[in-house]
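# A closer look at the structure
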Amino acid sequence: MNMKLETIETDVLVIGAGPAGSTAAKHAAMGGAEVLLVDKKSEIGTPKRCAEGVSKNGLEKLGIKPSHRWIAAEMDRVRLVSPSGIDVWLNQENVHLPETGYNLERKVFDKHMAMDAARAGSQIMVKTLAKELTLKDDYVLVKAESMGNHIEIKSKIVIGADGPESRVGRWAGLKSTSKPKNMESGVQFEMVGVELEDTRAVEFYFGSVAPGGYAWIFPKGDDIANVGLGIINSMTSKNAYHHLLDFVRECKATQKAVSVEFNVGGIPVGGPLNEFVTDNVMLVGDAAGQVNPLTGGGIISGMQAGLIAGEVAANAINEGNCSLENLKEYETRWVEENSLSFQKYLKAKEYLLSLSNEELDSIARAFQGSDFERIGPMELLGKLVKVSPKAMVKLGKIF
Amino acid sequence: MIISEFCMYCGECAGVCPRNLIEVGENTLKFGQKPCKNCQICIQVCPVSALEVEG
Ligand SMILES: Cc1cc2nc3c(=O)[nH]c(=O)nc-3n(C[C@H](O)[C@H](O)[C@H](O)COP(=O)(O)OP(=O)(O)OC[C@H]3O[C@@H](n4cnc5c(N)ncnc54)[C@H](O)[C@@H]3O)c2cc1C
């Protein structure tokens, strides 16, 4: 890298060292490009904005070996809880459960993903905030502030991995502003003294506890768990924090729990942007809306995007052509891999949000004690439609 | 905009600002130069209600 006092030049600049950005930096560097990864944080991964659940095969597909350094606990069950407390249990072996497998220690995980990027050859600058971006003829100029120093970074490609607060896309002319109805407010306590039904089960609570979303308990080993919820603000008069206080006060599992950490974050749940690539610029992760609209999970899908974007960036650098035409391959590949399942999750979410507390209770009652091993998808739908006829219209197509 | 000291710098407000005016640093929140149209979307989405209009 050609470092003058205040101007840095590089092939690829990645803005944001979350899971999506670090994965992009790693794969761009592996492909032979000169890469700089910047993050405004002084410690990558901290504070976390996450309940920390990921699927095992998601990580496996990305070629990431599980490490005891960043896995807090393993999960193989899901407990779904209706408003009046009726629960339905699902097992990992019988049902494909997104975002279930490992509960991570994100602060450590994110840092390790950045280390992998560095090992692949990427440079990293922490405490470096991107403040402005201008598209030039054949490069991108980014103004940034690094520990009080104003610097300019000239790169051939910028990968915007700047999370739910993303500004990079809009600087580059992409329509990436989240509508408030598509932005969930997530709040969470990490707690100790949580009395769990099963330390290997993630729990989801539905209904008016979390208007527009759901509440969760994600265990992290022993009596520790992330206890949080996501809401859509226009669907309630209380803020997310107050909903969380109510939930923790009412929930059986948290009667004796004490919080040691408070986490906050926006979750873009409107589905991926229509366009997340333009000349010299690609968006990955939350910045591109690559979050499962049903669960709010975005670690794996963002990392998948990072992998593809990194590879495509390295190729474009090798070919000397960083135009939209050449970068578009990233968008096409990501959409091919994900758009079908995202459409299903969007439909399922619309249906879920249309249900009242009473409807949720009667569905839970119908499925309580069900042996999901023996129920095929059509039988499942049939059973659901009996108690909730509108499921036919809302969900029929996705089964 | 009045920013309370309990702002968590999570950046949700920045993601929804239709004019892309909000800069979220590690421990700073700044509203940019372009005129704010006072749509107050940032105030509505804040998970901890840390934003308030001046005056
Ligand atoms: C409460 C909550 C619970 C969640 N639970 C889960 C879960 O259980 N499982 C799951 O898969 N997902 C979950 N998610 C979503 C998940 O956290 C995100 O999808 C994931 O972090 C996205 O990764 P990313 O790399 O795109 O962005 P981020 O992880 O948000 O990283 C973006 C990075 O960019 C940096 N940055 C931003 N702007 C700039 C700038 N201008 N200059 C320099 N750096 C900048 C930030 O500091 C940050 O480090 C949850 C989210 C929330 C809020």
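Source: prediction; values computed, not measured.

Residues and elements named next belong to chain A. Among the seven residues in strand S11 (residues 140–146), five count as buried, and that is most of the element. Examined bridge by bridge, strand S10 (residues 128–135) and S11 share seven bridges and lie antiparallel to one another. When the sheet's bridge partners are listed, Leu-133 is paired in S11 with Val-142. Of the strand pairs in this sheet, S11 and strand S12 (residues 149–160) are connected by seven bridges, and their pairing is antiparallel. Within the sheet, the bridge partner assigned to Val-142 lies in S12 and is Ile-153. In this antiparallel pair of consecutive strands, S11 and S12, the connection spans two residues, and Met-147 shows a positive phi of 50°.

All names here are of chain A. Asp-39, Arg-49, Ala-51, Gly-53 and Asp-286 are the nearest of the 34 residues found near the ligand. Within the side chain of Asp-39, a nitrogen or oxygen atom sits 2.6 Å from an oxygen atom of the ligand. Ala-51 is positioned such that a nitrogen or oxygen atom in its backbone is 2.8 Å from a nitrogen atom of the ligand. Protein chains bury 96% of the 1,000 Å² of accessible surface belonging to the ligand in isolation. Contributing elements (two or more residues each) for the shell around the ligand: helix H1 (19–30), S10, strand S15 (215–219) and strand S17 (258–268). Among the elements that line the shell around the ligand, the one with the most residues is S10, at three residues. Its residues placed into classes, the shell around the ligand shows 14 nonpolar, ten polar and ten charged. Formed jointly, the shell around the ligand draws a minimum of three residues from each of two domains, domain 1 (6–49 + 107–179 + 270–342) and domain 2 (71–103 + 183–268).

Our focus in this paragraph is the sheet that holds strand S4 (residues 53–55) of chain A. Residue and element names in this part refer to chain A. Taken in spatial order, the three strands make up an open sheet running S4-S8-S5, and their pairing is antiparallel. The sheet is open, and its two borders are formed by S4 and strand S5 (71–74), each paired with just one other strand. The mean inter-strand angle of the sheet, taken between neighbouring strand axes irrespective of direction, is 35°. Note: S4 against strand S8 (residues 101–104), three bridges, orientation antiparallel. Within S8, the residue paired with Ser-55 across the bridge is Gly-101.

Quick look at the nonpolar core now. Counting 54 residues, the largest nonpolar core has Ile-157, Ile-159 and Tyr-330 of chain A as its most contacted members. Sorting elements by how many residues they give to this core places helix H6 (residues 299–319) of chain A first, with seven residues.

This next bit is on the state of the cysteines. All names here are of chain B. This structure, assessed with the given rule, holds zero disulfides over all chains. We note that Cys-36 lacks a disulfide partner, and the nearest cysteine sulfur, in Cys-39, lies 6.4 Å from it. Assessed through its relative accessible area of 47%, Cys-36 is described here as partly exposed. Distance from the sulfur of Cys-46, which forms no disulfide, to the nearest cysteine sulfur (Cys-10) is 6.4 Å. Among the residues examined, Cys-46 registers a relative accessible area of 10% and is labelled buried.

About the thresholds
- Residues numbered from 1 in each chain as written.
- Chains lettered and ligands numbered in written order.
- Predicted model: local features only at pLDDT ≥ 70, side-chain atom pairs only at ≥ 80, totals over all residues.
- Heavy atoms only, no water.
- Buried < 20%, exposed > 50% of the residue type's maximum accessible area, 1.4 Å probe, protein only.
- Helix = DSSP H or I, 4+ residues; strand = E, 2+ residues; numbered from the N terminus.
- Pairing = 2+ DSSP bridges.
- Near = heavy atom within 4 Å.
- Polar contact = N/O pair within 3.5 Å; in protein donor to acceptor, adjacent residues only side chain to side chain.
- Areas by Shrake-Rupley, 256 points an atom, 1.4 Å probe, with all protein chains shown as cover.
- Nonpolar A, V, L, I, M, F, W, Y, C, P; charged D, E, K, R; others polar.
- Domains from an automatic or database assignment.
- Axes fitted to C-alpha atoms, helices over the stretch in contact; angles between N-to-C directions.
- Core = buried A, V, L, I, M, F, W, Y, C linked by side-chain atoms within 4.5 Å.
- Disulfide = S-S within 2.5 Å.

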